[in-house]
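Residue-level structural notes
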Amino acid sequence: MDIVLYCLAIVIAAVITGLLGYFMVPFLHKIKFGQTIREVGPSWHKNKQGTPTMGGLMFIIGSSVAAVICIAFLWLNGGAETQLMFVKVVAGALMAVGFGIVGFLDDYISIKKHRNLGLTEIQKLILQFIIVGAYLLSVALAGGTTETVIPFLGSVDLGFFYYILAAVFIVGMVNAVNFTDGIDGLNTSVTLVVALVFSVIAMLLNRVGLSLYAAAIVGAMIGFLFWNANPAKVFMGDTGSLFLGGAVCALAFGVNMPILLILIGIIYIVEILSVVLQVTYFKISHGKRIFKMAPIHHHFEMCGWNENKICFVFSGVTLFAGIIGVLLAVFGC
């Protein structure tokens with residue numbers, strides 16, 4: 001029954017997300033919700049100016065509907081897990097939607113003001129920490145502890161520092177996922193693999209509800225790729241990328257092994273580190289650069305890689321890291 005629900009979650013999310021594109025893409029065109037391309041970006045990205053953005057709404061709806069249907073069916077038919085796991089799944093999903101709302105506000109403001117920047121960095125960080133605080137509080141009230149599982153070390157109690165580290169980690173990772181969105185299909189394909197890996201881990205650890213939520217994200221990414229693969233007919237925008245950041249964090253914390261996200265989400269880490277290194281080195285060297293352009297996917301573009309090749313290689317690296325992550329989750333704990 002679990003595997004049937006798992007497959008059903010993928011199919012429902014993929015179909016809903018894919019079908020929504022036939023309505024939302026023309027609608028976003030009609031109301032002129034097009035992407036503003038940065039002046040400092042690759043020059044060949046200028047032809048993407050005006051491509052509809054905020055397409056993340058498609059997979060937010062698709063994954064949410066699929067997850068609600070399949071998880072509700074699971075719990076109504078005697079597959080209920082502990083109250084803590086119930087809260088982790090529901091609160092995690094709501095956290096992801098909360099980040100999506102922040103992204104929506106950011107996209108909406110940038111579109112209305114015809115600029116690439118919406119909310120200020122401070123505004124986004126304040127909203128993001130509020131969302132994370134609500135998530136961590138809900139898990140704590142449901143009986144969550146300050147322990148986290150680290151491969152080969154087992155369960156480690158971090159005490160009060162757990163909440164500080166968790167909040168900084170989630171906000172940092174969400175923004176790392178956001179930086180990964182920059183070329184057609186990249187964030188979609190990488191996150192598809194990340195969600196698939198965590199769905200396997202959750203299934204092996206008998207976290208069925210969490211596995212179904214991960215499956216819904218996988219299906220939604222499949223459905224969105226139909227519209228987002230090169231050449232993209234719609235972009236996910238911050239609406240989508242921040243939602244996905246919240247979703248992958250919910251999965252990592254759901255299995256109580258957030259440290260694995262550093263490995264499985266290695267592309268996210270490399271993307272945000274490339275920006276930090278580029279900006280830092282640019283300032284201390286008075287104008288010199290480490291990469292031709294940051295985030296690093298633009299560096300590879302400048303080196304002559306096409307967008308499909310970058311997506312394929314980055315997703316392949318994610319899959320390789322994910323396989324190691326599954327082995328660590330099963331045999332290292």
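Bear in mind that the values here come from a model prediction, so they are computed numbers and not experimental data. (Residues numbered from 1 in each chain as written. Predicted model: local features only at pLDDT ≥ 70, side-chain atom pairs only at ≥ 80, totals over all residues. Heavy atoms only, no water.)

1. Considering the overall build of the chain
When helices and strands are tallied, the chain shows 12 helices and 2 strands. Reading the helices (α) and strands (β) of the chain from amino to carboxyl end gives α-α-α-α-β-β-α-α-α-α-α-α-α-α. Computed over C-alpha atoms, the radius of gyration of the chain comes to 19 Å, within 12% of the 20 Å expected from 2.2 N^0.38 for 333 residues, which places it in the range of a compact globule. A buried classification covers 54% of the 333 residues belonging to the chain. For the chain, restricting intrachain contacts to residue pairs at least 6 apart in sequence, the fraction spanning at least 24 positions comes to 77%. Accessible area of the chain: about 14900 Å², with a carbon and sulfur share of 73%. Where the 17 positive side-chain charges of the chain centre and where its 14 negative ones centre are 10 Å apart. (Helix = DSSP H or I, 4+ residues; strand = E, 2+ residues; numbered from the N terminus. Rg over C-alpha atoms; globule rule 2.2 N^0.38 Å. Buried < 20%, exposed > 50% of the residue type's maximum accessible area, 1.4 Å probe, protein only. Contact = heavy atoms within 4.5 Å. Areas by Shrake-Rupley, 256 points an atom, 1.4 Å probe, with all protein chains shown as cover. Lys, Arg positive; Asp, Glu negative; His and termini not counted. Charge placed at Lys NZ, Arg CZ, Asp CG, Glu CD.)

2. Some remarks on the state of the cysteines
On inspection of all chains with the given rule, the structure shows 0 disulfides. Cys311 takes part in no disulfide bond, and the closest cysteine sulfur to it belongs to Cys303, at a distance of 16 Å. (Disulfide = S-S within 2.5 Å.)

3. Focus: helix α5 (residues 161-179)
In an α-helix, one turn spans 3.6 residues, which is why side chains three or four residues apart end up on the same side. Counted at 1.5 Å a residue, the expected span for α5 with its 19 residues is 27 Å, and the 27 Å between its end C-alpha atoms agrees. For α5, the set of buried residues is Tyr162, Ala166, Ala167, Phe169, Ile170, Val171, Met173, Val174, Asn175, Ala176, Val177 and Asn178. (Expected span 1.5 Å × (residues − 1).)

4. Here's the deal with the pattern of salt bridges
Here the structure, examined in full by the defined rule, presents 2 salt bridges. Among the ionic pairs, Lys124 bridges to Asp106, the shortest N-O distance being 3.6 Å. With a gap of 18 residues between them, Lys124 in helix α4 (residues 121-141) and Asp106 in helix α3 (residues 83-112) connect regions that are remote in the sequence. For the pair shown, Lys124 and Asp106 are each scored as buried. Salt bridges here are not isolated pairs; linked through shared partners, they connect Asp106, Glu121 and Lys124. (Salt bridge = Lys/Arg side-chain N within 4 Å of Asp/Glu carboxyl O.)

5. Here we look at the pairing of strand β1 (residues 147-150)
In this structure, β1 lies alongside strand β2 (residues 154-157), joined through 4 bridges in antiparallel fashion. Paired with Val149 across the two strands is Ser155, which belongs to β2. The hairpin formed by β1 and β2 contains 3 residues between the paired strands, and Phe152 there has a positive phi angle of roughly 75°. (Pairing = 2+ DSSP bridges.)

6. Looking at the packing of aromatic side chains
Summed over the entire model, instances satisfying the criterion amount to 12 aromatic pairs. The rings of Tyr22, Phe226 and Trp227 are connected pair by pair, giving a single aromatic cluster. It is Lys233 that lies over the ring of Phe226; its NZ or CZ is 5.9 Å from the centre. Taking NZ or CZ as reference, Lys309 lies 4.4 Å from the ring centre of Trp305, over its face. (Phe/Tyr/Trp six-rings, centres within 6.5 Å; stacked < 30°, edge-to-face > 60°. Lys NZ or Arg CZ within 6 Å of the ring centre and 35° of its normal.)

7. Some words on the environment of Val255
Relative to the elements of secondary structure, Val255 occurs in the loop between α8 (237-254) and α9 (260-264). Taking the C-alpha atoms as reference, Val255 lies 36 Å from Glu301; in sequence the two are 46 residues apart. Residues in contact with Val255, not counting those within four places in the same chain, are Phe198, Ile201, Ala202, Leu205 and Leu210.

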